[in-house]
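Coordinate inspection notes
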Amino acid sequence: CAKAWHAPRSFSPRPHMSLIVQTYGGTSVGNPERIRHVARRILDTQRAGNKVVAVVSAMSGVTNSLLDLANAVSTNPTERELDVLLATGEQQTIALAAMAINSLGGKAVSLTGAQAGIQTDVVHTKARIANITPTEVDEMLDEGNIVILAGFQGQMSDGQITTLGRGGSDLTAIAMAA
């Protein structure tokens, strides 16, 4: 199930184009067929005259598989390394979604939370968004791209990867729309 947030009109990049921020959870992008379906929906939104940022989660089951792997190699994995590992789930999905959109004739680019300018506090595995500077997102949108953004992640001011915990992709989408 997709959720969409509309940026307030005053924040629209151009008066005639709305910025639409959509979010897709793990079940929505749970396999290649579903990713292709999501890609068509995102592309349809852009073709309706909107700039689009789609925030995606890891594919269904991937986060749990990554946690199982972490626990298989360590009885007590550090939270820093868990963040580095868990962030890869969303990174797989953003790349696959961008590939699917591009194969349908669209123009999409994938960005991690760090690339999108999402700065967090210094808490691993349950970080809070401290600031967003979406310069790269704005540039990509202005070039006609659909931006596929990794939810659930950001970075500390020193560049360390962080994850936002439960509901992190929705939080990413709401913060990006604001």
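Anything mentioned here points back to the structure above.
Now for a look at the structure at hand. Please read all numbers here as calculations on a predicted model, not as lab measurements.

Regarding helix α4 (residues 135-142)
Of the positions making up α4, those classed as buried are Val137, Met140 and Leu141. Along the axis of α4, the buried positions cluster into a sector of 100°, meaning they face one direction only. Residues of α4 that are buried sit in contact with β2 (19-24), β3 (51-56), β4 (108-111), β7 (146-150) and α5 (168-177).

A few points about the side chain of Glu90
When you line up the elements, Glu90 lands in helix α3 (residues 79-103). No salt bridge is formed by the buried Glu90. Its closest oppositely charged neighbour is Arg166, at 9.8 Å. Sequence-distant contacts of Glu90, defined by excluding residues within four places in its chain, comprise Val56, Ser57, Ala58, Ala150, Gly151, Phe152 and Gln153.

A closer look at the packing of helix α2 (residues 62-73) against α3
Here α2 crosses α3 at 150°, and the two axes come no closer than 9 Å. Judged by the inter-axis angle, α2 sits roughly antiparallel to α3. The handedness of the crossing between α2 and α3 is right-handed. Counting all contacts with α2, which are made through Val62, Thr63, Leu66, Leu67 and Ala70, the residues of α3 involved are Leu82, Leu85, Leu86, Thr88, Gly89 and Gln92. Class assignment for the residues of the contact of α2 with α3 results in seven nonpolar, four polar and no charged.

Observations concerning the pattern of salt bridges
Any two side chains of opposite charge can pair if their charged atoms end up close together. Throughout the structure, instances matching the rule amount to two salt bridges. For Asp142, the salt bridge goes to Lys51, with nearest N and O atoms at 2.7 Å. Remark: Lys51 occurs in strand β3 and Asp142 occurs in helix α4; sequence separation between them is 91 residues. With relative accessibility at 4%, the residue Lys51 sits in the buried group.

Section: the environment of Gly151
By the element assignment, Gly151 lies in the loop between β7 and β8 (153-155). In this structure, Gly151 is in contact with Val55, Val56, Glu90, Ser169 and Thr172, ignoring residues within four places of it in sequence.

Side note on the side chain of His124
Within the fold, His124 resides in the loop between β5 (118-120) and β6 (129-132). Overall, the relative accessible area of 13% leaves His124 in the buried class. Side chain to side chain, His124 and Asp83 meet in a polar contact 2.8 Å long. A distance of 3.3 Å separates a polar atom in the side chain of His124 from a polar atom in the side chain of Gln160. Excluding its chain neighbours within four sequence positions, the residues that come into contact with His124 are Glu79, Arg80, Asp83, Met156, Gln160, Ile161 and Thr162.

Topic: the nonpolar core
The tendency in soluble globular proteins is for nonpolar side chains to be buried as a group. Judged by nonpolar contacts, the single largest core of 25 residues is most densely connected at Tyr24, Ile35, Ile42, Ile101, Ala108, Ile146 and Ile148. Secondary structure elements with two or more residues in this core: α1 (32-47), β3, α2, α3 and β7. At six residues, α3 tops the list of elements feeding residues into this core. Discounting residues that sit within four places of it in the chain, Ile35 has contacts with Ser28, Val29, Met59, Leu96, Ala97 and Ala100. Of all hydrophobic cores here, the second largest spans 16 residues; its members include Leu19, Val55, Val137 and Leu141.

Basis of the calculations
- Residues numbered from 1 in each chain as written.
- Predicted model: local features only at pLDDT ≥ 70, side-chain atom pairs only at ≥ 80, totals over all residues.
- Heavy atoms only, no water.
- Buried < 20%, exposed > 50% of the residue type's maximum accessible area, 1.4 Å probe, protein only.
- Helix = DSSP H or I, 4+ residues; strand = E, 2+ residues; numbered from the N terminus.
- Arc of directions from axis to C-beta.
- Contact = heavy atoms within 4.5 Å.
- Lys, Arg positive; Asp, Glu negative; His and termini not counted.
- Salt bridge = Lys/Arg side-chain N within 4 Å of Asp/Glu carboxyl O.
- Axes fitted to C-alpha atoms, helices over the stretch in contact; angles between N-to-C directions.
- Parallel < 35°, antiparallel > 145°, perpendicular 65-115°, else oblique.
- Left-handed = near helix turned anticlockwise from the far one by under 90°.
- Nonpolar A, V, L, I, M, F, W, Y, C, P; charged D, E, K, R; others polar.
- Polar contact = N/O pair within 3.5 Å; in protein donor to acceptor, adjacent residues only side chain to side chain.
- Core = buried A, V, L, I, M, F, W, Y, C linked by side-chain atoms within 4.5 Å.

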